[in-house]
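A structural walkthrough
The primary structure of each chain is shown beneath.
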Amino acid sequence: MKRPEVILNIFSSVDGKITTAPNRNVAEWTVAGIDGNAHDQVYRLYDELNCDGLISGSETLMVYGEHWVELEAPIYEPQKSKGYIVFDGRGRVNWYQTDGLLVVTREDVSQEYINQLKEKGIQYIQAGKGEHINLSLALEKIYELGFRKLGLSGGGAINGAFLRHGLIDEISLVLSPIAVGGRTTPSIFDCDELKELENITKLELQTMNKIGNGSVWLHYKVSK
């Protein structure tokens, strides 16, 4: 299977939480000045890691829409990315910003949703039927569109799905100098529990640096 490399590029608290609580926009850490500049640094790392496309899940966008946080200064915009790829298997997003957008959805998503994409001139691909997008097939189709290295920065659900399907090649993690805690607070990977020790994803450390304002950058390759 020819597919793009996938790099999880994300920031979290030191205990792996990616927001304050469920349904909260992590940008509030940035506005409060407590993220150790990790938010901006992660976006700069997309270029350092040579990502030519960025992946997110629809859940993240919906949370941001419902809990909007106005940033005082804009976050760095990656220069090497040629597309923003959103996985929206259930066809839930009513799209307003369409520039550079590529939507990935299911083959049996509602016709109403497909009509919306066509009417707004949004490029899309369909991969898999049933409850979930077929991630492997989706990546094959994304590869055919010319993408070679994707930066994944989704919520815990999409990150967890890529992890469990063995589709993450590298992990670029910036740890903000905060601890959050919480039993239901979203974390880097939210997915089914492992049943066997042998299925743990093993990593090889590539880089460990201080970054931003008290944050730490950890860059791993996934052991194959």
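Quick summary incoming for the structure in this document. (Residues numbered from 1 in each chain as written. Predicted model: local features only at pLDDT ≥ 70, side-chain atom pairs only at ≥ 80, totals over all residues. Heavy atoms only, no water.)

Our focus in this paragraph is the nonpolar core. One finds Ile85, Phe87, Ile142 and Phe162 to be the most contacted residues of the largest nonpolar core, which totals 30 residues. Put simply, the parts of the chain that give this core at least two residues each are β1 (5–12), β3 (84–87), β4 (101–105), α5 (135–144), β6 (149–152), α6 (156–164), β7 (170–175) and β9 (215–222). With four residues, the top contributor of residues to this core is α5. If we skip the residues at most four places from it in the chain, phenylalanine 162 touches Val6, Ile55, Phe87, Leu135, Leu139, Leu152, Leu167 and Ile168. One finds Val42, Val174, Ile178 and Ile211 within the second-largest nonpolar core, a separate group that totals 15 residues. (Core = buried A, V, L, I, M, F, W, Y, C linked by side-chain atoms within 4.5 Å. Buried < 20%, exposed > 50% of the residue type's maximum accessible area, 1.4 Å probe, protein only. Helix = DSSP H or I, 4+ residues; strand = E, 2+ residues; numbered from the N terminus. Contact = heavy atoms within 4.5 Å.)

This next bit is on the side chain of threonine 185. If you trace the backbone, threonine 185 turns up in the loop between β7 and β8 (203–211). A distance of 3.3 Å separates a polar atom in the side chain of threonine 185 from the backbone oxygen of glycine 181. Setting aside chain neighbours within four positions, we find threonine 185 in contact with Lys17, Thr19, Thr20, Ala21, Pro22 and Val180. (Polar contact = N/O pair within 3.5 Å; in protein donor to acceptor, adjacent residues only side chain to side chain.)

Under the criterion given, the structure shown has six salt bridges. A salt bridge links arginine 106 to aspartate 108, with the shortest nitrogen-to-oxygen separation between them at 2.6 Å. Each member of the salt-bridge network shares a partner with another, and the members are Arg3, Asp169 and Lys224. (Salt bridge = Lys/Arg side-chain N within 4 Å of Asp/Glu carboxyl O.)

This is a description of form; function is not addressed.
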